[in-house]
Amino acid sequence: MSSSDNGYYNELVYFLNAVQNEQPIEVCTPESTAETLAVVQAESKSATQEGTGLR
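Residues numbered from 1 in each chain as written. Predicted model: local features only at pLDDT ≥ 70, side-chain atom pairs only at ≥ 80, totals over all residues. Heavy atoms only, no water.

Within the protein, the secondary structure is distributed over two helices and zero strands. Buried positions account for 5% of the 55 residues belonging to the protein. Carbon and sulfur atoms make up 54% of the accessible area of the protein, which amounts to about 4700 Å² in all. (Helix = DSSP H or I, 4+ residues; strand = E, 2+ residues; numbered from the N terminus. Buried < 20%, exposed > 50% of the residue type's maximum accessible area, 1.4 Å probe, protein only. Areas by Shrake-Rupley, 256 points an atom, 1.4 Å probe, with all protein chains shown as cover.)

Next up, the structure:
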């Protein structure tokens, strides 16, 4: 998978472009970002526990 196919990559590019061009952040709301971070944390925890014991 190339980085351009990765949702995390696309979200970061969108955010950086908006900041650089002084545009409002409309797609990556704080709520959406919090949900994304929760998923990433669960993925990381699952990877370190080899997928066991997560609820």
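Right, let's get into unusual backbone geometry. Even without being a glycine, Glu22 presents a positive backbone phi close to 50°. Its place among the elements puts Glu22 in the loop between helix H1 (7-20) and helix H2 (30-48).

This brings us to a nonpolar patch on the surface. A cluster of nonpolar residues, Leu12, Phe15, Leu16, Val19 and Ile25, forms a patch on the protein surface that exposes about 420 Å² of accessible area. Inspection of the secondary structure assignment puts Ile25 in the loop between H1 and H2. Judged by its relative accessible area of 33%, Ile25 falls in the partly exposed class. (Patch = residues over 30% accessible without salt bridge, like charges linked within 9 Å, V, L, I, M, F, W, Y side chains within 5 Å. Salt bridge = Lys/Arg side-chain N within 4 Å of Asp/Glu carboxyl O.)

What sets the pattern is the α-helix's 3.6 residues per turn: residues three or four places apart point alike. With 14 residues, H1 ought to run about 20 Å at 1.5 Å a step, and its terminal C-alpha atoms sit 20 Å apart, in line with that. Phi turns positive one or two residues past the end of H1, at Glu22, with a value near 50°. (Expected span 1.5 Å × (residues − 1).)

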